[in-house]
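Architecture at a glance
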Amino acid sequence: MSVTDKINQLKQERDAVILAHYYVDDEVQEIADYVGDSFYLSKIATMVKAKTILFCGVSFMGESAKILNPEKTVIMPDMGADCPMAHMADVEKINEVRKQYEDLAVVCYINSTAKLKTYSDVCVTSSNAVKIVKALPNKNIYFIPDENLGRFVASQVPEKNFIFNDGYCHVHTSILAKNVQIVKDIHPRAEILVHPECTMDVIAMADYVGSTSGIIKHVTESKAKEFIVCTEMGVLYELQLKKPKKLFFDAGQKKCSDMKRVTLDNVVEALENMTNVVEMDEELRIRAKKPLERMLELG
Ligand code: 13P
Ligand code: SF4
């Protein structure tokens, strides 16, 4: 039996649906029922009927699916797949900033631990952060954990006052403006597509800035035939499926080693043994749910 047949059989036996982020390996995206960006996947997680969700991504994604769907069993192919940035904010600092500004909203990128979410007023993803921050009544915004996404949002919402935190994504910050320029010099007609987790000097070079699904949508609509892709290159699978004749260049970025921990083997193993179940303290779950639900309302 092929691995795909095995996975399909196990999905039926376990009443499972497979969700995958664009950064996991191609062969994993290929067997998934839904592939998307962080916002799409968190919405889909609330809509699927299956009893079990197998989340091919990193732990904050599985946690978010569990927070929103306590009645479902959420499993992960590899429990060690964890986004380092999700831990890069500090509860003491949040409390300190809250004391300094009366009218403060703590805006938390979904790439964060459940615990950090409980200290936040609203969650955002890279596809809805600008819209949500604009919609908040608060003037003062403490953006956690990603400084770069925070600075990009601030540039789009100049009427608000931002306090930044020093978290970052090691994949997106491995994209250097000087390397993007070298690729652009070789391919002058290529459009530069940038994820807002990149630094502001790279964002300043962009023809388009957006989430992974925003980048994919832009490529399908653009007249350009060549693109320099400034995000994790896992998006190439979908880009090449949608536009096989267009050309895509990287900027020498790192891979997301955590996303790449998801393999067909550990997908099969997790479904077969129903291991790597996401468990969460009920009080923590209820508190972390509030900012996520607010995001789904506003986003
Ligand atoms: P999006 O898919 O929301 O663009 O997020 C990128 C990311 O880094 C996910 O870990
Ligand atoms: Fe985290 Fe960056 Fe990997 Fe996304 S690409 S999961 S932000 S380390």
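Below is a summary of the structure that appears in this document. (Residues numbered from 1 in each chain as written. Chains lettered and ligands numbered in written order. Predicted model: local features only at pLDDT ≥ 70, side-chain atom pairs only at ≥ 80, totals over all residues. Heavy atoms only, no water.)

Here's the deal with the sheet that holds strand β1 (residues 16-21)
Strand order across the open sheet formed by four strands is β2-β1-β3-β4, with parallel pairing between neighbours. Strand pairing shows two members of the sheet lacking a second neighbour, β2 (34-36) and β4 (73-75), which therefore form its edges. Adjacent strand axes in the sheet meet at a mean angle of 20° when their direction is disregarded. For β1 and strand β3 (residues 52-56), the ladder comprises five bridges, and the chain directions are parallel. In the strand pairing of β3, valine 17 is matched with isoleucine 53. Contacting β1, β2 and β3, helix α3 (residues 38-45) crosses the sheet at an angle of about 145° to β2. Here helix α13 (residues 264-273) sits on the sheet in contact with β1, β3 and β4, set at roughly 160° to β3. (Pairing = 2+ DSSP bridges. Helix = DSSP H or I, 4+ residues; strand = E, 2+ residues; numbered from the N terminus. Axes fitted to C-alpha atoms, helices over the stretch in contact; angles between N-to-C directions. Contact = heavy atoms within 4.5 Å.)

Re the environment of asparagine 138
Here asparagine 138 is to be found in the loop between α7 (129-135) and β7 (140-144). Residue classification places asparagine 138 among the buried positions, given a relative accessible area of 14%. Each C-alpha atom, one on asparagine 138 and one on glutamate 102, is 9.5 Å from the other, the two residues being 36 residues apart in sequence. Contact partners of asparagine 138, with chain neighbours within four places excluded, come to Asp103, Leu104, Ala105 and Lys160. (Buried < 20%, exposed > 50% of the residue type's maximum accessible area, 1.4 Å probe, protein only.)

Describing the packing of helix α1 (residues 3-14) against α13
Packing of α1 against α13 brings their axes to within 10 Å, and their N-to-C directions diverge by 25°. One way to sum up the angle between α1 and α13 is to call them roughly parallel. Note on packing geometry: the crossing formed by α1 with α13 is left-handed. Residues Val3, Lys6, Ile7, Leu10, Lys11 and Arg14 of α1 pack against Leu264, Val267, Val268, Leu271 and Glu272 of α13. (Parallel < 35°, antiparallel > 145°, perpendicular 65-115°, else oblique. Left-handed = near helix turned anticlockwise from the far one by under 90°.)

Focus on the site of ligand 1
If you check the shell around ligand 1, you find 14 residues, and the closest are His21, Ser126, His195, Glu197 and Thr212. Taking asparagine 111, its side chain carries an N or O atom lying 3.3 Å from an oxygen atom of ligand 1. Contacts to ligand 1 include threonine 212, whose side-chain N or O atom sits 2.8 Å from an oxygen atom. Expressed as a share of its isolated accessible area of 300 Å², the protein-covered part of ligand 1 is 97%. Of all the cavities here, the one that holds ligand 1 is the largest cavity. (Near = heavy atom within 4 Å. Polar contact = N/O pair within 3.5 Å; in protein donor to acceptor, adjacent residues only side chain to side chain. Areas by Shrake-Rupley, 256 points an atom, 1.4 Å probe, with all protein chains shown as cover. 1 Å grid on protein atoms, 1.4 Å probe; cavity = no way out; pocket = protein on both sides within 12 Å on 5 of 7 lines; lining within 4 Å. Sits in = over half its atoms within 2 Å of the grid points.)

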